[in-house]
Amino acid sequence: MKSISIMLGSCVLSEFDWICFDPDLLLSHPDVTQTYFLYSCRSHLLSSANPPISCPVVMSSVDSSGDGGKWLDAHYDPVAGLYTFSSCIDLADLSGDRESRLVVGDLGTGSSGMKLKVYRGTALISENSLLDLPAGLVAFFMDLHEPRIPAVAVASGPCIYVYKNLRPYFKFTLPSLDINPLEQDVWQQVREGQINPVMLKEMLESIRKKADIPLSVRSLRFLSLESDEMDEFVQLYKQQPIRRQTVITCIGTLKKSTADEDGISCLVIGTENSDVFVLDPEAFTILCKMSLPAVPTMMDVTGQFDVEFRITVACRNGSIYILRRESEKPKYCIELSSHPVGLVRVGKNMVVGCTDESLQGFTQKGKKLWKIILPAPVTTMAAMDLPTRGLQAVLVGLANCQVQLYRDKNLLSTIKTPDTVTSICFGRYGREDGTLIMTTKGGGLMVKILKRTAMFDDMDSTPGPPLAQSVRLNVPKKTKLYVDQTLRERENGLAMHRAFHMDLSRMRLAAARAYVKALESSLTPMSSSLSEPLKMNAVVQGLGPSFKLTLNVQNTASCRPIMNLAINFLYDDNLYRIRNPYMKIPLLVPGLIYPVETFVECTSDKGISDIIKVFVLHEEKSSPLLTAHINMPVSEGLVLS
């Protein structure tokens, strides 16, 4: 009798108890769920775990998380002690064994305990202490050495700490900013004993109000002290040189010359001084510097530095700026109704989450595509890109303990979580491509795996493109005539190109001559005269044999009226009779449309029509100012009779 192995309940992840059941019993047992999960976790997440770590495993039913059975609950540790954001979490193959690790910049308590942590499966395999709070974390390839192992860059304070093989490798510090010369002179006087701390405070306050260059951190801290603390502060720092240093607010990566997955990438950093730097990955020199109107908080980078790139930056002033190659200032600006809290690129569009509980879509040039209202404030956002299934979507963490999946403005799935999610990361973890990793407000760690059978069909979203777009066209096979013509075009391409341009030039010349002839003979409905600029159109009303002909005449001059004009009709007397074949036009004021009406009667019963020519004349000129040809309709009254 065939049997398969399953696991029930919760257990230690590294020690599994396997029980054999008959396949027929599995269908009726209420506690046996997600059999495939066991194989995925065992073979993909836990195949390389370190010594046993006791963690609770939530083996919930399919609908317990409210996701419609699309996700498998792989791991949940509510006491993992991870406090981080989406900008400080990444997945990377740090050992070259094709198994991705989870790299986390842990914020600790906010003042201490900041660490760089690396997880393998469910085990913590590495820890490195950080000197300051991490602002961002990225994994990138900085050289072409084999094996292809990425480095980890952590932005913390004014520095970028680069780790390679999980060990400190390089430290890059932002260049110092210019110091206010008046501030330097004041501290020099303190150093020489010419002024006391009270006078120092008064002079610094005066400099801060008037100077263009901001004060240094030392001076700002001194101004915040009480009177009894000033002397001690001055004695401690007066002999030290003044430095004004900015800090990093966000970090990203930009491919150097190729778009390959393992291609060399440059680091892109945004600073508190409203600058954006692009760093060389090998020498860590500044390749490019761009300025923004406000302090950047989030960024998304696409393209290649040597070819063309686009940097989308969300700033503290509630606007989004788009920087492009060879431009030191933003190319486009998107002004939002509220401050952005999340920025994700999906294809060629951008999805922005705002503090007014809305999710908005924009094009690369800043054109607004759509906007939807969310059920709760946004806490974090991340991109969900699964090329094997052709799925590109956005994961949105909400304050009501939900994570919603959107494709454009269509809601595909909702995941309920036991706590508010603070960071989201989707990608390859271990050997599983569709892994969703989340951390919660209470420091918990959650790992979910997208089922291979999960489908995001039209039942979960509004209909997209018609199904006919996915039907392959029945393209006919190449015939011998087609091949012969292709060879002829290849062999005689130059002569054919010259003949085409010769014919095109002749056609342009003929069109230009006809246009000049029409202007000279006033055959156009618009006057070419600069002294009497006129415009006229005609409207024919009626079924026949009587027609009402209305001519709308307009003076297109800016401020000069036109007078002494008349209208004359030229027609076939055997077909038509016009009540007033010659009419005078009153004074034409610029900008107004003057209707001139008359009646045309068809006198023929043969069911034919002809052209009536209309001439606008000036009493002092022999040639008409403009001419119109009116194609009269067939008189339906005579035809029916």
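What counts and what doesn't
- Residues numbered from 1 in each chain as written.
- Predicted model: local features only at pLDDT ≥ 70, side-chain atom pairs only at ≥ 80, totals over all residues.
- Heavy atoms only, no water.
- Buried < 20%, exposed > 50% of the residue type's maximum accessible area, 1.4 Å probe, protein only.
- Helix = DSSP H or I, 4+ residues; strand = E, 2+ residues; numbered from the N terminus.
- Arc of directions from axis to C-beta.
- Axes fitted to C-alpha atoms, helices over the stretch in contact; angles between N-to-C directions.
- Parallel < 35°, antiparallel > 145°, perpendicular 65-115°, else oblique.
- Contact = heavy atoms within 4.5 Å.
- Nonpolar A, V, L, I, M, F, W, Y, C, P; charged D, E, K, R; others polar.
- Pairing = 2+ DSSP bridges.
- 1 Å grid on protein atoms, 1.4 Å probe; cavity = no way out; pocket = protein on both sides within 12 Å on 5 of 7 lines; lining within 4 Å.
- Points joined across faces, edges and corners; volume = space filled by probe spheres on them.
- Salt bridge = Lys/Arg side-chain N within 4 Å of Asp/Glu carboxyl O.

By the naming in an unreviewed UniProt entry, the chain is BBSome complex member BBS1, taken from Poecilia mexicana.

As for helix 6 (residues 227-237)
In an α-helix, one turn spans 3.6 residues; hence positions three or four apart end up facing the same way. Met230, Phe233 and Val234 are the residues of helix 6 that are buried. The buried residues of helix 6 occupy an angular sector of 100° when projected down its axis, which confines them to one face. Opposite the packed face of helix 6, turned more than 90 degrees from it, sit the exposed residues Asp228, Glu232, Gln235 and Leu236.

Focus: the packing of helix 4 (residues 197-210) against helix 6
The interhelical angle for the contact between helix 4 and helix 6, taken along N-to-C directions, is 90°, at an axis separation of 9 Å. Looking at the two axes, helix 4 sits roughly perpendicular to helix 6. From helix 4, Pro197, Leu200 and Lys201 reach across to helix 6, where they touch Met230, Asp231 and Val234. Of the residues in the contact of helix 4 with helix 6, the class split is four nonpolar, no polar and two charged.

A word on the sheet that holds strand 4 (residues 89-92)
Pairing between the strands of a sheet is mediated by backbone hydrogen bonds and can be parallel or antiparallel. Spatial ordering of the open sheet is given by 4-5-6-7, a layout of four strands whose pairing is antiparallel. Among the strands making up the open sheet, the edge pair consists of strand 4 and strand 7 (123-129). If you compare each strand with its neighbour and ignore which way they point, the axes differ by 20° on average. When strand 6 (residues 115-120) meets strand 7, the two strands line up antiparallel, connected through six bridges. Bridge pairing in strand 7 places leucine 116 opposite asparagine 128.

Quick look at empty space enclosed by the protein
Across all of its chains, the model carries three cavities of 30 Å³ or more by this definition. Residue lining of the largest cavity: 14 residues in total, with Leu94, Val152, Tyr163, Asn165 and Leu166 positioned closest to the centre. Those elements that place two or more of their residues in the lining of the largest cavity are strand 6, strand 7, strand 9 (151-156) and strand 10 (159-164). Roughly 50 Å³ of internal volume is contained in the second largest cavity. If you go around the second largest cavity, the residues you meet are Val346, Asn349, Met350, Val351, Gly361, Phe362, Leu369, Trp370 and Asp408. Those elements that provide at least two residues to the lining of the second largest cavity are strand 21 (349-354), strand 22 (358-362) and strand 23 (368-373). Here the residues of the lining of the second largest cavity sort into six nonpolar, two polar and one charged.

Some thoughts on the pattern of salt bridges
A full pass over the atoms with the stated rule returns 19 salt bridges. Across the pair glutamate 127 and lysine 115 runs a salt bridge whose closest N-O atoms are separated by 3.3 Å. Taken together, the residues glutamate 127 in strand 7 and lysine 115 in strand 6 connect sequence positions twelve residues apart. Here lysine 480 ties to aspartate 484 by a salt bridge, and the two come within 3.1 Å at their closest N and O atoms. Here the residue lysine 480 and the residue aspartate 484 both occupy positions in helix 7 (residues 480-491), the gap between them amounting to four residues, near one helical turn. Judged by its relative accessible area of 65%, lysine 480 is exposed.

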